[in-house]
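Letter by letter, the chains look like this.
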Amino acid sequence: MSPLFERKKVTPPTAESAMHYVSACTAIFATRRQVWEFIKPPENSVLMDPDIVRGFKAPGIEGAGEV
């Protein structure tokens, strides 16, 4: 079997393993409406995440059924 398909055994974490907590916050000087107008269209997703190549809206119902 190819080594790419072999599972490597992982040791379970111990009580000595370090646990890290990270948090951050920022102030957004915009109204709620301005924020939603920016993040709502999927086309803007490329501006917020470098891993996204293209964003588009799929047909659906506005709100809960929206994709």
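Residues numbered from 1 in each chain as written. Predicted model: local features only at pLDDT ≥ 70, side-chain atom pairs only at ≥ 80, totals over all residues. Heavy atoms only, no water.

Regarding the overall build of the chain
Helix and strand counts for the chain come out as 2 helices and 0 strands. Per-residue burial for the chain yields a buried fraction of 4% across its 67 residues. (Helix = DSSP H or I, 4+ residues; strand = E, 2+ residues; numbered from the N terminus. Buried < 20%, exposed > 50% of the residue type's maximum accessible area, 1.4 Å probe, protein only.)

Some points on a nonpolar patch on the surface
Together, Trp36, Phe38, Ile39, Val46, Leu47, Met48 and Ile52 make up an exposed nonpolar region whose accessible area comes to about 650 Å². Elements with a contribution of two residues or more to the nonpolar patch: α1 (32-39) and α2 (45-48). For Met48, a relative accessible area of 41% puts it in the partly exposed group. (Patch = residues over 30% accessible without salt bridge, like charges linked within 9 Å, V, L, I, M, F, W, Y side chains within 5 Å. Areas by Shrake-Rupley, 256 points an atom, 1.4 Å probe, with all protein chains shown as cover. Salt bridge = Lys/Arg side-chain N within 4 Å of Asp/Glu carboxyl O.)

Notes on the environment of Pro42
Looking at where Pro42 falls in the secondary structure, it is placed in the loop between α1 and α2. Pro42 sits 13 residues away from Gly55 along the chain, and the two C-alpha atoms are 4.8 Å apart. Among residues more than four places away in sequence, those in contact with Pro42 are Gly55, Phe56 and Lys57. (Contact = heavy atoms within 4.5 Å.)

So, the side chain of Ser45
One can find Ser45 in helix α2. On the basis of relative accessible area, Ser45 is assigned to the buried category, the value being 16%.

Remarks on the pattern of salt bridges
Counted according to the given criterion, the structure contains 1 salt bridge. The salt bridge involving Arg33 is made with Glu37; its shortest N-O contact spans 3.1 Å. Taken together, the residues span about one helical turn, with Arg33 and Glu37 both in helix α1 at a distance of 4 residues.

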